[in-house]
Amino acid sequence: MSVSDPSGIRLNRRRLLTGAAVTAGMLAAGPLWTGRAQAAAAKASLAYGSTGYTWAVPFVAEAAGTWAEAGFDLSTMEFESGRDSMQALLAGSADFSASTDTPVVFAVLQGLRPLILVNYSRYSRDMKIVVRKDGGIDPAKPASLKGRRIATRVGTSGQYMLAKYLEFAGLAPGDVEVVDLTPNNMTSALVRGDIDGFAWSSQSAAVAERQSGGKTAVMTQDGLEKYFQSHQLLLTTEKVVKEKPELVAGAIRALQGAERRILADGGWADLISRRIHTPPKEILEATSEFTFKIAFDDRFVDDLVAEAEWAIAAGLAKRPAGDLRALFRGLIVDTPLKAVAPDRVTLS
């Protein structure tokens, strides 16, 4: 059932303890009967920012019933952006929030403290630079972007990827004109010729190709992984970690179950296709760029620090007091994951 409140938030209650998932959860957790009544499932809540395959792991966790197997009845909230969903988390409206790393970086630079519980997937090539084939830009030559008008959403991972792509191309930030557009307007602006290209998701790249009748192209990304990597995260708060340790452990089990399903089942995209309004084949093609692995390593901290340095240099945030690396490292809650999968935590 979907209910809209006055603020425009879509609240979706998903009762996951049904059918085989209930049976699997009982077997995994052991006897749940006490006296004459069965113990009720604990409640958990998760806020999402938008709907798309970026959230493949937590979406599969819902669809495959791994939250139920972990012993929890999950409710979800959907917001327009990762920033909005994280604000709901920090306000205490949710136990968890799904987010990319960019909203986290900006929040931390503003003095907020979202805690990073799970780093469940990452990619370097899902964000694309899309250009017109007839615009005089050579997709095989990144430096040919010089002097062009490239759209993205300012203050997002799209702008950060564009900045790192220019570095990859040997160009300076001022070598292109950045045009601030919403994702929905990027594709139509490119088709009309109002801009020379845009920096956004592969999903938008596919839309642009369809709308233009095949008149767009994607810039080469060979070697971009050295410069850019985006991380998909499950966030929580100090309050949840301190007061609900069993929920924290359950969240990790739920996402681990989803990871196993994705890696073992070639048809996993069918589970979330209707939810994100994307054909399974397109989901599989797009996420072929993803690494689905719950883990924390030093590259993750490096990427957070690099993005923070970019935001500060671009005038989008102020430098906080203290060492940036120590700041971000202190927000990673790695003990729960280390307890169940020590090989997945290699932080120094």
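Residues numbered from 1 in each chain as written. Predicted model: local features only at pLDDT ≥ 70, side-chain atom pairs only at ≥ 80, totals over all residues. Heavy atoms only, no water.

Enquirer: What should I look at first to understand the sheet that holds strand β13 (residues 216-218) in this one?
Expert: Sheets are built from strands paired through backbone hydrogen bonds, the pairs being either parallel or antiparallel. Spatially, five strands are ordered β11-β10-β12-β9-β13 in an open sheet, and the strand pairing comes out mixed. Only two strands of the sheet have a single neighbouring strand rather than two, namely β11 (177-180) and β13. For this sheet, the mean angle separating the axes of adjacent strands, direction not counted, is 30°. Across three bridges, strand β9 (residues 127-132) lies against β13 in antiparallel orientation. (Pairing = 2+ DSSP bridges. Helix = DSSP H or I, 4+ residues; strand = E, 2+ residues; numbered from the N terminus. Axes fitted to C-alpha atoms, helices over the stretch in contact; angles between N-to-C directions.)

Enquirer: How should I be thinking about a nonpolar patch on the surface in this particular structure?
Expert: Nonpolar side chains collect at one region of the surface, where V154, V178 and L316 lie side by side and expose about 190 Å² of accessible area between them. As for its placement among the helices and strands, V178 is situated in strand β11. Accessibility expressed as a relative area gives 36% for V178, which makes it partly exposed. (Patch = residues over 30% accessible without salt bridge, like charges linked within 9 Å, V, L, I, M, F, W, Y side chains within 5 Å. Areas by Shrake-Rupley, 256 points an atom, 1.4 Å probe, with all protein chains shown as cover. Salt bridge = Lys/Arg side-chain N within 4 Å of Asp/Glu carboxyl O. Buried < 20%, exposed > 50% of the residue type's maximum accessible area, 1.4 Å probe, protein only.)

Enquirer: When you look at the pairing of strand β5 (residues 42-49) in this model, what are you seeing that I'm missing?
Expert: The side chains of a regular strand alternate between the sheet's two faces. Most of β5 is tucked away: six of the eight residues are buried. Sheet topology places β5 next to strand β6 (residues 72-79); eight bridges connect them, and they run parallel. Its bridge partner being in β6, A42 is matched across the sheet by F72. Relative to strand β7 (residues 96-100), β5 runs parallel, the two being bridged by two bridges. Each bridged residue has a counterpart across the sheet, and for L46 the counterpart in β7 is F96.

Enquirer: What should I look at first to understand the pattern of salt bridges in this one?
Expert: The final tally for this structure, using the stated rule, is 23 salt bridges. Close ionic contact of K244 with D95 constitutes a salt bridge, the shortest N to O distance being 2.9 Å. Taken together, the positions of K244 in the loop between α9 (238-243) and α10 (245-264) and D95 in the loop between α4 (82-90) and β7 put the pair 149 residues apart, joining distant regions of the chain. Residue K244 is classed as partly exposed on the basis of its relative accessible area of 31%. Among the ionic pairs, R148 bridges to D196, the shortest N-O distance being 3.9 Å. Of this pair, R148 sits in the loop between β9 and β10 (149-152) while D196 is found in the loop between α7 (183-192) and β12 (197-201), placing the two residues 48 residues apart along the sequence.

Enquirer: Explain the pairing of β12 to me, please; I cannot follow it from the model alone.
Expert: Buried residues dominate β12, accounting for five of its five residues. In this structure, β9 lies alongside β12, joined through five bridges in antiparallel fashion. Across the sheet, the residue bridging to M127 is S201, located in β12. The sheet contact formed by β10 and β12 spans two bridges and is parallel. Considered in β12, the bridge of A151 is made with F198.

Enquirer: For this particular structure, what's the right way to read helix α12 (residues 280-287)?
Expert: Structural remark: α-helix, 3.6 residues per turn; residues separated by three or four positions point the same way. All of the buried residues along α12 are I283, A286 and T287. Angularly, the buried residues of α12 cover 90° about the axis, an arc narrow enough to put them on a single face. If you follow the buried residues of α12, they end up packed against α8 (202-212), α11 (273-276) and β15 (290-292). (Arc of directions from axis to C-beta. Contact = heavy atoms within 4.5 Å.)

Enquirer: Looking at this model, I keep getting lost on the confidence of the model for the protein chain. Mind explaining?
Expert: In regions of low pLDDT, the predicted coordinates are not meant to be interpreted in detail. Mean pLDDT over the protein chain stands at 89; residues scoring 70 or higher make up 89%. With pLDDT under 50 throughout, residues 1-38 is counted as low confidence; its partners more than four residues away or in other chains account for 55 contacts. (pLDDT = per-residue confidence, 0-100.)

Enquirer: I tried to follow the packing of helix α6 (residues 157-169) against helix α13 (residues 298-313) on my own but got confused; where do I start?
Expert: How two helices sit against one another is set out by the angle between their axes and by the gap between those axes. The interhelical angle for the contact between α6 and α13, taken along N-to-C directions, is 90°, at an axis separation of 11 Å. Here α13 runs roughly perpendicular to α6, going by the angle between their axes. Across the interface between the two elements, Q159, Y160 and A163 of α6 pack against D303, A306, E307 and W310 of α13. Of the residues in the contact of α6 with α13, the class split is four nonpolar, one polar and two charged. (Parallel < 35°, antiparallel > 145°, perpendicular 65-115°, else oblique. Nonpolar A, V, L, I, M, F, W, Y, C, P; charged D, E, K, R; others polar.)

Enquirer: How should the nonpolar core be read in this particular structure?
Expert: In globular proteins that are soluble, nonpolar side chains generally tend to be buried together. The biggest cluster of nonpolar side chains holds 103 residues, and the ones touching the most others in it are W67, L145 and L255. A47, M77, F79 and A88 belong to the second-largest nonpolar core, a separate cluster that totals five residues. (Core = buried A, V, L, I, M, F, W, Y, C linked by side-chain atoms within 4.5 Å.)

Enquirer: What exactly am I supposed to notice about the packing of aromatic side chains here?
Expert: For any pair of aromatic rings, the description consists of the separation of the ring centres together with the inter-plane angle of the planes. Going through the model one piece at a time under the given rule, you end up with 12 aromatic pairs. Summarising the aromatic geometry, the rings of Y53 and F290 are spaced 6.0 Å apart at their centres and angled 70° between planes, so their arrangement reads as edge-to-face. Note that Y53 is positioned in the loop between β5 and α2 (56-63) and F290 in strand β15, a separation of 237 residues in sequence. Under the relative-accessibility criterion, Y53 is labelled buried at 3%. Here F290 falls in the buried class, since its relative accessible area comes to 8%. (Phe/Tyr/Trp six-rings, centres within 6.5 Å; stacked < 30°, edge-to-face > 60°.)

Enquirer: Quick question: what am I supposed to make of the environment of A91 here?
Expert: Within the fold, A91 resides in the loop between α4 and β7. Distance in space between the C-alpha atoms of A91 and T237 is 9.7 Å, their sequence separation being 146 residues.

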